[in-house]
Amino acid sequence: MEITDLSVYVVNVGVVDLDDGGIAPYVTNHGQVDDVNRAVVRVETDAGITGWGEMRTFLSPEATRAILEEGIAPWVLGRSPYELESLRRQLFIEYTNADMFFAPVETACWDIVGTDLGKPISELLGGWTAPSVTGRTDSPDRNATQRVDAAYCVGILPPEESRAHAARALEEGYGVLKTKAGRDWRTDVDRVVAMHDEVDGELDFRLDPNQGWSLEDAVRVCATLEDAGVYLQYLEQPIRVDAHASLTRLRQRTAQPIGPNEDTYIARNLREMIERGALDAAVLDMTPAGGISAVRQLAGIAEDAGVPAAHHCAFDLGIRTAAIAHTVSGVPGFTLPMDTVYYAWEDDVLEERLTLEDGGIVVPDGPGLGVEVDESAIEKHRVL
């Protein structure tokens, strides 16, 4: 089987407004989200099997499509979609990291391989290894369901408005809520304390300032939360990337767990942070890593070091959300819930949306990604 064509469609899909029960505008340290451009990648083969991948757009929709169709396609056309490791390891472009643009193509190859073999990607990755079955046990009984836990995500809001989201997350079965931060650390603390009080401590919290604080401000946040009796699941990327000595000092000065994210996008940073003792959790992402195979390698590094891993969300539609769910369920290192905002999309490009259930996502059990892409929906939302 050979890859014969690679096509890219850029779609724009809205996020449900706060007034309508959604999360838009989703305010972060560096902007806000009301709608999102996503690049949907279709890979075709001479066997008549089509695979799908997805990524966010970078620089511009035009630039993203051009890199994929003109830069990445020549590396994969005429190759077998089964050559997953060979394909990702051959890609070397001097002075730049092109891995992120290979990631959706690699996902599409996994989709093709799974379809050809009649197996879901999670099974090809090694079978069901979600947190409920990753621990060693002296009992052969397994009661896991084909569902992965997810963290409910909400942007920067006033403390009282944030309370309503915490209550909703708890009511819908989520065990973890992630909220953005970084514009005013005092208000960030007030929001987390308000949400913690609203649910009587029944939710864990992730706080993500997207590199928005200085080391001293991060220390103040951690100490103030401790004084309020709030202990985070982790504090995500509190200071800028590549400041690993400072990250280590922060970890030494607080009981709050530290979970770098953007730092893990840079080659070898995860291993260096582990060696420095700079993290308690790793927040990984298959797109900057270069695909499912690459993020599996990172998860293995974290697991070997005894560091729990979670998978990041980047306002993903159903194609990448399905890929993440398969990866989290099939790769042992992912022992923390994946982030998701899937519940907040106005629409999707799938014929049937993924199932959200009790604060998690049901992993599709069909071959490959286990989803059917609705090409009419792509045309409906297509901007390029």
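As a reminder, the structure under discussion sits directly above these lines.
Small disclaimer: the values here were computed from a predicted structure and weren't measured.

Asker: Tell me about the overall build of the chain, and name the residues and values.
Answerer: Summing up its helical and strand segments, the chain has 13 helices and 15 strands in all. Taking 2.2 N^0.38 as the reference for a compact globule, 384 residues should give roughly 21 Å; the C-alpha atoms of the chain span a radius of gyration of 20 Å, in line with that estimate. Referenced to the eigenvectors of the C-alpha coordinate spread, the extents of the chain come out at roughly 60 × 50 × 45 Å. Out of the 384 residues belonging to the chain, those deemed buried represent 57%. Across the chain, the fraction of contacts at a sequence separation of at least 24, relative to all contacts at a separation of at least 6, is 74%. Element-wise, carbon and sulfur atoms account for 44% of the exposed surface of the chain, whose accessible area totals about 15600 Å². A distance of 6 Å separates the average location of the 32 positive side-chain charges in the chain from that of its 65 negative side-chain charges.

Asker: I'd like to hear about the packing of aromatic side chains, residue by residue, with values.
Answerer: Applying the stated criterion to the full structure yields 6 aromatic pairs. These aromatic residues form a ring-pair network of at least three members: Tyr26, Phe315 and Trp345.

Asker: Lay out a nonpolar patch on the surface in plain terms, naming residues and giving numbers.
Answerer: A contiguous nonpolar surface patch, about 260 Å² in accessible area, is contributed by Met1, Tyr82 and Leu117. If you trace the backbone, Met1 turns up in the segment before β1 (3-14). By relative accessible area, which is 30% here, Met1 ends up partly exposed.

Asker: Describe in detail the side chain of Ser329, supporting the description with residues and values.
Answerer: With respect to the secondary-structure elements, Ser329 resides in helix α12 (residues 318-330). Within the structure, the side chain of Ser329 is placed 2.9 Å from the backbone oxygen of His326, a separation counted as a polar contact.

Asker: Explain the sheet that holds β1 to me, using residue names and the numbers behind them.
Answerer: In spatial order, the strands read β1-β4-β5; together these 3 strands make up an open sheet with antiparallel pairing. Edge strands, defined here as strands with exactly one partner in the open sheet, are β1 and β5 (50-56). When the angles between neighbouring strand axes are averaged without regard to direction, this sheet yields 20°. Those strands touched by helix α1 (residues 61-76) are β1, β4 (35-45) and β5, and its axis lies near 160° from that of β1.

Asker: So, the pairing of strand β6 (residues 147-154): which residues are in play, and what are the values?
Answerer: By the criterion of burial, β6 is predominantly enclosed, with 7 of the 8 residues buried. Where β6 lies against strand β15 (residues 360-362), 3 bridges are found, and the strand directions are antiparallel. Counted as the bridge partner of Asp149 is Gly360 from β15. In this structure, β6 lies alongside strand β7 (residues 176-180), joined through 4 bridges in parallel fashion. Bridge pairing links Ala151 to Val176 in β7. Viewed along the sheet, the connection from β6 through helix α5 (residues 159-171) into β7 turns out right-handed.

Asker: I'd like a description of the packing of helix α8 (residues 244-253) against helix α9 (residues 269-276), backed by residues and values.
Answerer: Running from N to C, α8 and α9 point in directions that differ by 45°, and their axes come no closer than 10 Å. Between α8 and α9, the angle is such that the two are oblique. Both α8 and α9 take part in a crossing whose hand is right-handed. Within the contact between the two elements, α8 uses His244, Ala245, Leu247 and Thr248 and α9 uses Asn269, Glu272, Met273 and Arg276. Taken together, the residues that form the contact of α8 with α9 break down as 3 nonpolar, 3 polar and 2 charged.

Asker: Before we move on, could you go through the environment of Leu125 and cite the residues and values that matter?
Answerer: Within the fold, Leu125 resides in the loop between α4 (121-124) and β6. The spatial distance from the C-alpha of Leu125 to the C-alpha of His326 is 8.3 Å, given a sequence separation of 201 residues. In this structure Leu125 touches Trp110, Ile292, Arg296, His326, Thr327, Gly330 and Val331, once residues within four positions along its chain are discounted.

Asker: Could you give me a rundown of α1, with the residues and numbers involved?
Answerer: Between its first and last C-alpha atoms α1 spans 21 Å; for 16 residues at 1.5 Å apiece the expected length is 22 Å, and the two agree. Ile67 marks the point of greatest bend in α1, at about 25°. After α1 finishes, the residue Gly78 shows a positive phi value of roughly 85°.

Definitions and limits used
Residues numbered from 1 in each chain as written. Predicted model: local features only at pLDDT ≥ 70, side-chain atom pairs only at ≥ 80, totals over all residues. Heavy atoms only, no water. Helix = DSSP H or I, 4+ residues; strand = E, 2+ residues; numbered from the N terminus. Rg over C-alpha atoms; globule rule 2.2 N^0.38 Å. Buried < 20%, exposed > 50% of the residue type's maximum accessible area, 1.4 Å probe, protein only. Contact = heavy atoms within 4.5 Å. Areas by Shrake-Rupley, 256 points an atom, 1.4 Å probe, with all protein chains shown as cover. Lys, Arg positive; Asp, Glu negative; His and termini not counted. Charge placed at Lys NZ, Arg CZ, Asp CG, Glu CD. Phe/Tyr/Trp six-rings, centres within 6.5 Å; stacked < 30°, edge-to-face > 60°. Patch = residues over 30% accessible without salt bridge, like charges linked within 9 Å, V, L, I, M, F, W, Y side chains within 5 Å. Salt bridge = Lys/Arg side-chain N within 4 Å of Asp/Glu carboxyl O. Polar contact = N/O pair within 3.5 Å; in protein donor to acceptor, adjacent residues only side chain to side chain. Pairing = 2+ DSSP bridges. Axes fitted to C-alpha atoms, helices over the stretch in contact; angles between N-to-C directions. Right-handed = clockwise from strand over helix to strand, strands pointing away. Parallel < 35°, antiparallel > 145°, perpendicular 65-115°, else oblique. Left-handed = near helix turned anticlockwise from the far one by under 90°. Nonpolar A, V, L, I, M, F, W, Y, C, P; charged D, E, K, R; others polar. Expected span 1.5 Å × (residues − 1). Bend = angle between axes of the 7 residues up to and from the residue.

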